[in-house]
Amino acid sequence: MGKMDWVNEEINLLKESGRYVPIRTLQTSQGAWVKIDGRKLLNLCSNNYLGLANNPEVKKAMHDAIDAYGVGAGAVRSIAGTMEIHIKLEEKIAQFKHMESSLVYQGGLLANLGTIPALVGKDDLVFSEELNHASIIDGVRLSSAKRVVFSHVSPPDLEEKLKTERSTGKRALIVTDGVFSMDGDIAPLKEEAELGEKYDSMVYVDDAHGEGVLGDHGRGIVDHFKIGDKVDVEMGTFSKAVGVMGGFVAGRKELIDYLKQKARPFLFSSALNPGEVAAVMKSIEIMEKDDSLLKKLWNNSDFLKEKLNNLGFNTGKSKTPITPVIIGGEKETVELSKSLYDEGVFASPIVYPTVAKGTARIRLMPSAVHSREDLKYAGDKFEEVGKRMRLI
Ligand SMILES: *Cc1c(COP(=O)(O)O)cnc(C)c1O
């Protein structure tokens, strides 16, 4: 027995339970269609909601920034890595989000890992939504605060937990995804934010899937509910609708000043590179100027959902473009994904532990760069394979 033999045993266990997900390699840019293993496939997996990952203006902005500033920021922000374009981007985000100030991180995951432990510590409490993203869960773990989980989209359960637990901690933070990434439903953030006020608890929303999708010109969930004065921390990513890479938090000026002294990914990891910063800036400018991509995204997702529902598939409780096709069993779901792949549709299976056992699904991500024909093609293939597998 070698001391690393356990790794193969673990991999075999994953394979036996149908939880081993093959990782495909793209030979093209992200877009409506991609090439994998030399074959063209309809891409319904990417979070590139608005198609900005391959937008010519955004690409040009990145090229220009590389010419002006080089490819790397060269240091952590607090030592010598802050360039004027980082500051400009932070001003832009604050203005776009109607918040006082913002702080850019190197990714959305890092924004959560950096910010949550700066807000709460071992004497404090976190009220965390049941279906929160892994990066929130890890941020809460890193903080050492006591975690109280409240039920999915349930302000009454949150209030119950606040009533019984709030007095056991000094500071408290209510944290939730804005749009739930595996189901596409939306947090009842207005009610949750009101509870934050009533029970003296900070309110933090992770709007990774709301950015570029919800609110006026894609400003996100806080704008969607018009509750800017009630949410203390709005966190987001530039890797989804914005199409690039990076993350941020927006909030009051003093909060951002404080995070610059405390957040560890800001202090101990090099700054986002200039090309990414400039590309993000351009994407936000495009979103601000014109909401036609946003409208196309919603039209496309309404069309796809209706088509799948008419066929008899269960798309759950989604209120956003995220379109789960809930199958249930893990093996069937992986098999459905494989058959769709063979038919030219790239749609990844999502299984336990990413979602609860018995709710395995294919998650479809329609975008603004899909055409009606693309989505009809997807529907036809779901019909063909679904009938063959006796799922519908
Ligand atoms: C994708 C995602 C993140 C991570 O963002 P990255 O910028 O890709 O690191 C964080 N939170 C939620 C809810 C997400 O969906």
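What you see is a predicted model; the values in this text were computed from it and never measured. (Residues numbered from 1 in each chain as written. Predicted model: local features only at pLDDT ≥ 70, side-chain atom pairs only at ≥ 80, totals over all residues. Heavy atoms only, no water.)

Draft legend 1. Seen up close, the domain arrangement of the chain. Domain boundaries assigned for the chain yield domain 1 (14–43 + 292–388) and domain 2 (56–289). Averaged C-alpha coordinates put domain 1 and domain 2 at centres separated by 28 Å. In this assembly, 17 residues from domain 1 lie in contact with 17 residues from domain 2. Of the roughly 1,100 Å² buried where domain 1 meets domain 2, counting both sides, 66% is carbon and sulfur surface. (Domains from an automatic or database assignment. Contact = heavy atoms within 4.5 Å. Buried area = accessible area lost by both parts, 1.4 Å probe.)

Draft legend 2. Structural view of the packing of aromatic side chains. Scanning all chains against the criterion turns up four aromatic pairs. Arranged with centres 5.5 Å apart and planes meeting at 55°, the rings of Trp33 and Tyr377 form a pair that is tilted. With Trp33 in strand S1 (residues 33–36) and Tyr377 in helix H15 (residues 372–388), this pair connects stretches of sequence that are 344 residues apart. Overall, the relative accessible area of 29% leaves Trp33 in the partly exposed class. Under the relative-accessibility criterion, Tyr377 is labelled partly exposed at 29%. Ring plane angle 75° and centroid distance 6.5 Å describe the contact between Tyr341 and Phe346, whose orientation is recorded as edge-to-face. Positioned above the aromatic ring of Tyr341 is the side chain of Arg24, whose terminal nitrogen or guanidinium carbon lies 3.6 Å from the ring centre. Of note, Arg372 hangs over the ring of Phe303, and the distance from its end group to the ring centre comes to 4.3 Å. (Phe/Tyr/Trp six-rings, centres within 6.5 Å; stacked < 30°, edge-to-face > 60°. Helix = DSSP H or I, 4+ residues; strand = E, 2+ residues; numbered from the N terminus. Buried < 20%, exposed > 50% of the residue type's maximum accessible area, 1.4 Å probe, protein only. Lys NZ or Arg CZ within 6 Å of the ring centre and 35° of its normal.)

Draft legend 3. Representation of the site of the ligand. Neighbouring the ligand are 13 residues; Gly108, Leu109, Asp206, Thr237 and Lys240 lie closest to it. One nitrogen or oxygen atom from the main chain of Gly108 is found 2.7 Å from an oxygen atom belonging to the ligand. A distance of 2.6 Å separates a nitrogen atom of the ligand from a polar atom in the side chain of Asp206. When the ligand sits alone it has 380 Å² of accessible area, and the protein chains cover 86% of it. Among the residues making up the shell around the ligand, the classes are represented as two nonpolar, eight polar and three charged. (Near = heavy atom within 4 Å. Polar contact = N/O pair within 3.5 Å; in protein donor to acceptor, adjacent residues only side chain to side chain. Areas by Shrake-Rupley, 256 points an atom, 1.4 Å probe, with all protein chains shown as cover. Nonpolar A, V, L, I, M, F, W, Y, C, P; charged D, E, K, R; others polar.)

Draft legend 4. Quick peek at the nonpolar core. Formed by 51 residues in total, the largest nonpolar core has its most connected members in Tyr49, Leu89, Phe127, Leu189 and Phe238. For this core, the element with the highest residue contribution is helix H12 (residues 274–289), accounting for seven residues. Two domains each put at least three residues into this core: domain 1 (14–43 + 292–388) and domain 2 (56–289). If we ignore the near neighbours within four places in the chain, the residues touching Tyr49 are His209, Val213, Lys240, Ala241, Leu297, Pro321, Ile322, Met365, Pro366, Ser367 and Ala368. Membership of the second largest hydrophobic core comes to 22 residues, among which are Leu103, Tyr105, Tyr204 and Phe266. (Core = buried A, V, L, I, M, F, W, Y, C linked by side-chain atoms within 4.5 Å.)

Draft legend 5. Representation of the layout of surface pockets in the model. Each pocket or cavity is described by its volume, and for the largest pocket that value is around 680 Å³. Looking at the lining of the largest pocket residue by residue, the classes come out as ten nonpolar, nine polar and ten charged. Taken as a whole, the second largest pocket spans an internal volume of roughly 370 Å³. When residues of the lining of the second largest pocket are traced back to their parent elements, those giving at least two are helix H14 (330–342), strand S11 (345–346) and strand S12 (349–350). Broken down by element, the lining of the second largest pocket gets its largest block of residues, four residues, from H14. Here the residues of the lining of the second largest pocket are counted per class, giving 16 nonpolar, three polar and two charged. (1 Å grid on protein atoms, 1.4 Å probe; cavity = no way out; pocket = protein on both sides within 12 Å on 5 of 7 lines; lining within 4 Å. Points joined across faces, edges and corners; volume = space filled by probe spheres on them.)

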